[in-house]
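Working through the structure, step by step
These are the residues of each chain, in order.
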Amino acid sequence: MVSYKDLGLVNSRELFKKAINGGYAIPAFNFNNMEQMQAIIQACVETKSPVILQVSSGARKYANQTILRYMAQGGVEYAKELGCQIPIVLHLDHGDTFELCKSCIEYGFSSVMIDGSSKPYDENVELTRRVVEYAHQYDVTVEGELGVLAGVEDDVKAESHTYTRPEEVEDFVSKTGVDSLAISIGTSHGAYKFKPGQKPEIRLDILHEIEKRIPGFPIVLHGSSSVPQDIVAEINHYGGRLKDSIGIPEDQLREAAKSAVCKINIDSDGRLAMTAAIRKVFVEHPEEFDPRKYLGPAREKLKNLYKHKIYDVLGSNDKM
Ligand code: G3H
Ligand code: 13P
Ligand code: ZN
């Protein structure tokens, strides 16, 4: 058993309290390799933003959880070396079993998500309650989910949204004891969220209804990439074949961040940014074969994307 506290990590409790009171959201960026980790830490140190480093179960399989945990610990030390001890949470994204959550807690994660949203309500309550009971013994915070997002995440695919039912949230939160709640109000996972011409809409009316029922309770938005059109165009210009697609408008996310939404998950936009930078190098410098020559520019583009998200979307700069 490794305690996250010995690694210099924090859980999400205090961060969420401050974010709700301050009208901003904490960035939750996914990582599975060194360049992503460096980009996240550099961006958050340069903007003085707290951050949630997210590991999906797919990332855990890809990179190995021991390596990821040491990388997170490395991130803490790297931030100090860069001169700014920002608060860093290491979070399991979309945990689907009690055993997975337990294992992550034992490996030094400071926060876990148990995603029972695709299960019947009572099963979701029971599974979430069990994870909370275990996690709280170690002061690890837990995110639950109600409602189903459209899109793909790990092996779970949903064709359409099932919006969170505001009438369920109070019961869910009190029965499970979760520390935060992910809700479905129109965002969706992946790079193919909406076709051009469709009108993406975060249902702020449902969000406000939920807020009324659980005032001051931390709300999480998944699937919050915006699919920047200039980056998609760049990928396709340099030989990519991405289908036309649009994401969640950044101004809607900015609006949501002013409410009880205090954690916003962004993964796909980062993947797009790295891909664009790598494709550009491959086309413009086909003679290069040193990975640093294409992963370096990818890291730089990723850092700039994250800084933009922090300043212009989440508002989490200067909040450490
Ligand atoms: O919500 C899912 C995240 O974007 C993680 O994706 O399971 O492909 O690592 P992944
Ligand atoms: P995006 O696919 O919109 O980046 O969402 C990521 C996410 O919700 C991770 O849990
Ligand atoms: Zn998600």
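For the structure, see preceding data.
Fair warning: this is a prediction, and the values are worked out from it, not measured in the lab.

The next subject is the site of ligand 2. Near ligand 2 you find 16 residues, and of these Asp93, Lys193, Ser225, Asp267 and Ser268 are the closest. At a separation of 3.2 Å, an oxygen atom of ligand 2 approaches a polar side-chain atom of His94. Contacts to ligand 2 include His222, whose side-chain N or O atom sits 3.1 Å from an oxygen atom. For ligand 2, whose unbound accessible area comes to 310 Å², protein coverage reaches 96%. Those elements that place two or more of their residues in the shell around ligand 2 are β3 (88-95) and β10 (261-266). Within the shell around ligand 2, the residues separate by chemical class into 1 nonpolar, 12 polar and 3 charged.

To continue, consider the nonpolar core. Most often, soluble globular proteins keep nonpolar side chains buried together rather than apart. Phe31, Ile88, Leu181, Leu221 and Ile264 are the most contacted members of the largest nonpolar core, which has 89 residues in total. Once you skip the residues sitting within four places of it in the chain, Ile264 turns out to touch Ala25, Ile26, Pro27, Ala28, Leu221, Ser224, Leu253, Ala257 and Leu314. Formed by 10 residues, the second largest nonpolar core is a distinct cluster that contains Phe16, Ala19, Ile26 and Cys262.

A separate point is the pattern of salt bridges. Tallied over the entire structure, the rule returns 24 salt bridges. For the salt bridge of Lys307 with Glu46, the shortest nitrogen-to-oxygen distance reads 2.6 Å. Residue Lys307 is found in helix α12 (residues 291-314), and its partner Glu46 is found in helix α2 (residues 34-47); the two are separated by 261 residues along the sequence. Look at Glu46 and you get partly exposed, because its relative accessible area is 38%. Residue Glu209 pairs with Lys212 through a salt bridge whose shortest N-O separation is 3.6 Å. With Glu209 and Lys212 both in helix α8 (residues 204-213) and 3 residues apart, the pair spans about one turn of that helix. Classification of Glu209 as partly exposed rests on a relative accessible area of 28%. Through salt bridges with shared partners, one network takes in Lys5, Arg13, Asp139 and Asp179.

Definitions and limits used
- Per chain, the residues get numbers from 1 upward, laid out in the order the sequence is written.
- Whichever chain is written first is A, and whichever ligand is written first is 1; the rest continue in order.
- Owing to the predicted nature of the model, reporting of local features is limited to residues with pLDDT of at least 70; listing and counting of side-chain atom pairs is limited to 80 or more, with chain, interface and lining totals taken over all residues.
- To get the side-chain values, take all heavy atoms of the structure and skip hydrogens and water.
- Throughout, the term near means that a residue has one or more heavy atoms lying within 4 Å of the molecule or strand in question.
- Any pair of N or O atoms that falls within 3.5 Å is considered a polar contact. Within protein, one atom must be able to donate a hydrogen and the other to accept it, and sequence-neighbouring residues count only if both atoms are side-chain atoms.
- Note on areas: Shrake-Rupley, 1.4 Å probe, and residue coverage restricted to the protein chains presented here.
- Strands here mean DSSP runs of E at least two residues long; helices mean DSSP runs of H or I at least four residues long; both are numbered from the N terminus.
- Residues are grouped as follows: Ala, Val, Leu, Ile, Met, Phe, Trp, Tyr, Cys and Pro are nonpolar; Asp, Glu, Lys and Arg are charged; every other residue, Gly included, is polar.
- Remark: nonpolar core denotes a set of buried residues (Ala, Val, Leu, Ile, Met, Phe, Trp, Tyr, Cys) joined through side-chain atoms within 4.5 Å.
- Only protein chains enter the calculation, and the probe is 1.4 Å; a residue is then buried if its accessible area is under 20% of its type maximum, exposed if over 50%, and partly exposed in between.
- We call two residues in contact when some of their heavy atoms are within 4.5 Å.
- Salt bridge, as used here, is a side-chain nitrogen of Lys or Arg placed within 4 Å of a carboxyl oxygen of Asp or Glu.

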